[in-house]
Every structure is written in C-alpha cells, then in structure tokens.
Amino acid sequence: MTGLALLCAATPGQAQSSDQSDRHSVDELSRQVANPIAHLISVPLQNNMDFGAGQKNSMQDTLNIQPVIPLELGNGWGVVTRVILPVMYHGSAYTGDEYRSGLGDTSLSLFFHGPLEQGKPMIGLGPIIRVPTATDDQLGNRRWGAGPTMIMVQQSPRWTLGLLASHVWSFGDSPGRPDFNATSVQPFVAHTFSGGFSLSATTETVYDWTTRQWTVPLNLQAAQIVKLGPLPVSLFFGPRVYLQRPKGGPDWGLRFGVQFLFPT
C-alpha cells in the first residue's frame, strides 16, 4: 500500500512537469517559427487569396509551397535554403480575358550565416535565384534572374524584429519577354505568447524598376502551434490590405495555411 500511495502522490506532479515541458517546447517552436533563419526544418503551405483585381474585381489565388532547410557548415556556420514554388489561379480581370492557372516562377534563396548567439542580432547573406517555371505568360516573367538577398533578425524572449530584402535582375536572351529588375523589402515584427500562439505583421514591399510601380501589401497574421499526432504544425490566418498597388491590382486579401515543423 505504501508503494501505491507514493505512486499516486507522484503522478500529479509528473503530469504537471510534463505539461510544463510541452508548453516550453511549443513556446520555443513558436519563437523559431518567427525567425526565418532558426535551426528548424519546416514546410509552409501559404495560401494567398486576393480580391478586387481589374475591371471585373476578380479573385487571384496563390499557393506558395516553400520548404525551408537549414544546413550546418561547421564551426557554427550554416546556410538556410528557402524555395518558393507558387501554384496560381488568376480569374478573368478584364472583358475578353480568360482565367489562368498553373505554376509561377520559382525562387531559391540561400542565407549564409555565422554562429547564432541568443540575444544578439542574426544576419544571413547570400544569393537569390529566379527559375522560369511559369506555365503561362500571365503567371510569371518566364526569365532567369539572380541577385543578392539578406536577412537580419533580433529576438528577445517574446519579440522578434527583422528585415528581409533582395534585388533580382533578369539575365540571358529571351525574345519577346521583358527585362525583370525588382527590389523587395520585407520588415516584420512578431510577438509570441504562452501556449504557442503568436501575432505578427509584415509589409512585402516590391518596387519594379522596369515599370516604375510599387506593390505594398500589409499582412497581419495570427498563428497557433498544434500537434497532429507527434508532428507539430503551425496554423496561421490573417487579412492583408494593399497600401500601394499597380493599376488593376487587387485591393485586399486573406492569407492562411499550415506550416509543418520538423525540429532538429
């Protein structure tokens, strides 16, 4: 009876300790998700629905498949690889125009970084390569492109501040296809709460030097980490509004999706 009594007495404490450990693990995952160069393998499926494009106020939908894989190079150095493959649907925006669906152009970014020290700014630098995978002229530039990219992140226990920037030029001969020359600047801020919940905001500003046009969507997003069996995933959702857009571009939209997480 004494052994059974001791076992019963220990069980609630063990359960509480297990709950605290799970919460701390989920909270740490939430911080890593907010940091694009964290040592975390993830596969986000990010869906963007935009409304109000063109004369017909049509809908555009883009599903970004963007696996992120960090690799160790030794002595604390590493590289984070990020691929973005867009699967797109563009509704008929103008009279006589048909809807389009298919793949957009793929981008590959490599962020080389030194030893990551907690509490200190983290910086990653490298190239970005644009691959002409678009299946339709209206869904991508369909030209090779390349340029520099960088990311800078500062984290505290609850806050993440950062800046992601890149510039891409097209190269190579492609008769009938226009040059591509664009700068992208994405400042972001995120706050993580206990239990794996987070709120974030970012602008994904793009300036096209060829057409002299700005695109500035402001994204607000809520995310929650949950478990699908043993696999942690981050579910996210939020609105976006275009502060600046090209003529005929959408007015507003929604972003939602799931991010599969593979802690190392």
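Our subject in this report is the structure included herewith. Keep in mind that this is a model prediction, so the values were computed, not measured. (Residues numbered from 1 in each chain as written. Predicted model: local features only at pLDDT ≥ 70, side-chain atom pairs only at ≥ 80, totals over all residues. Heavy atoms only, no water.)

## Remarks on the overall build of the chain
Inclusion rule: The secondary structure listing takes helices from DSSP runs of H or I that are at least 4 residues long and strands from runs of E that are at least 2 residues long, numbered from the N terminus. A 1.4 Å probe rolled over the protein chains alone gives each residue an accessible area, and that area as a share of the maximum for its type sets the label: buried under 20%, exposed over 50%, partly exposed in between. Contacts are residue-level and defined by heavy atoms, with any inter-residue pair within 4.5 Å sufficient.
Summing up its helical and strand segments, the chain has 1 helix and 15 strands in all. By residue count, 39% of the 264 residues in the chain fall in the buried class. Put simply, of all contacts in the chain between residues at least 6 apart along the chain, 54% involve residues at least 24 apart.

## Some thoughts on the pattern of salt bridges
The cut-off we apply is this: Any carboxyl oxygen of Asp or Glu that lies within 4 Å of a side-chain nitrogen of Lys or Arg is treated as forming a salt bridge with it.
Evaluation of the coordinates by the stated rule reveals 9 salt bridges. Taking the shortest distance from any N to any O, the salt bridge between D105 and R130 comes out at 3.7 Å. Taken as a pair, D105 in the loop between strand 5 (100-103) and strand 6 (106-113) and R130 in strand 7 (residues 122-131) lie far apart in primary sequence, 25 residues in all. Exposure remark for D105: the relative accessible area of 8% places this residue in the buried category. For R130, a relative accessible area of 22% puts it in the partly exposed group. Ionic contacts of the salt-bridge type, sharing partners, join the residues D50, E204, R240 and R255 into one network.

## Quick word on the side chain of Q60
In this fold, Q60 is placed in strand 2 (residues 58-65). Residue contacts for Q60: discarding those within four places in its chain leaves N48, M49, D50, A53, Y89, H90 and P250.

## Observations concerning the pairing of strand 2
This is how it is decided: Strands are labelled as partners when DSSP assigns at least two bridges between them.
When strand 1 (residues 40-53) meets strand 2, the two strands line up antiparallel, connected through 8 bridges. Residue pairing across strands places L45 opposite I65, the latter belonging to strand 2. Remark: 4 residues form the turn of the hairpin made by strand 1 and strand 2, two consecutive strands paired antiparallel; G54 in that turn has positive phi of roughly 70°. Pairing between strand 2 and strand 4 (residues 77-90): 6 bridges, direction antiparallel. Each residue of the ladder has a partner; that of N64, found in strand 4, is P86.

## Observations regarding the packing of aromatic side chains
Inclusion rule: For this analysis, a ring pair means two rings from Phe, Tyr or Trp (six-membered ring only for Trp) whose centres lie within 6.5 Å, classed as stacked if their planes differ by under 30 degrees, edge-to-face if by over 60, and tilted for the remaining angles. Only when the NZ of Lys or the CZ of Arg is both within 6 Å of the ring centre and within 35 degrees of the ring normal is a charge said to sit over the ring.
Tallying each qualifying case throughout the model produces 4 aromatic pairs. The interplanar angle of 45° and the centroid separation of 4.6 Å between the aromatic rings of Y207 and W214 together place this pair among those described as tilted. Ring pairs connect the aromatic residues Y207, W209 and W214, which therefore count as one cluster. Between R130 and the ring centre of F180, over which it is positioned, the NZ or CZ distance is 4.3 Å.

## With respect to the layout of surface pockets
Selection rule: Cavities and pockets are found on a 1 Å grid laid over the protein atoms alone: a cavity is a set of points where a 1.4 Å probe fits but cannot escape, a pocket is an open set with protein on both sides within 12 Å along at least five of seven lines, and a lining residue has an atom within 4 Å of such a point. Grid points are joined across faces, edges and corners, and a volume is the space filled by probe spheres set on the points.
Taken as a whole, the second largest pocket spans an internal volume of roughly 240 Å³. Taken together, E28, R31, Q32, N35, A38, H39, L116, E117, Q118, G119, M122 and Q155 make up the full set of residues lining the second largest pocket. Counting residues per element, the lining of the second largest pocket draws most heavily on helix 1 (residues 2-34), which supplies 3 residues.

## A closer look at the environment of P127
Checked against the element boundaries, P127 lands in strand 7. You can call P127 partly exposed: its relative accessible area is 30%. The spacing of P127 and L108 is 19 residues in sequence and 8.3 Å in space, taken between C-alpha atoms. Sequence-distant contacts of P127, that is, excluding residues within four places in its chain, are made with L108, S109, L110, F112, G147 and T149.

## Looking at the environment of W159
Operational definition: Between N or O atoms, a polar contact is any pair within 3.5 Å; within protein, one atom must be a potential hydrogen donor and the other a potential acceptor, and residues adjacent in sequence are included only when both atoms are from side chains.
One can find W159 in strand 9 (residues 159-170). Once you skip the residues sitting within four places of it in the chain, W159 turns out to touch Q154, V189, A190 and H191. Polar side-chain contacts of W159 include one of 3.4 Å to the side chain of H191.

Note that every value here comes from positions in space, so none of it alone points to a role or purpose.
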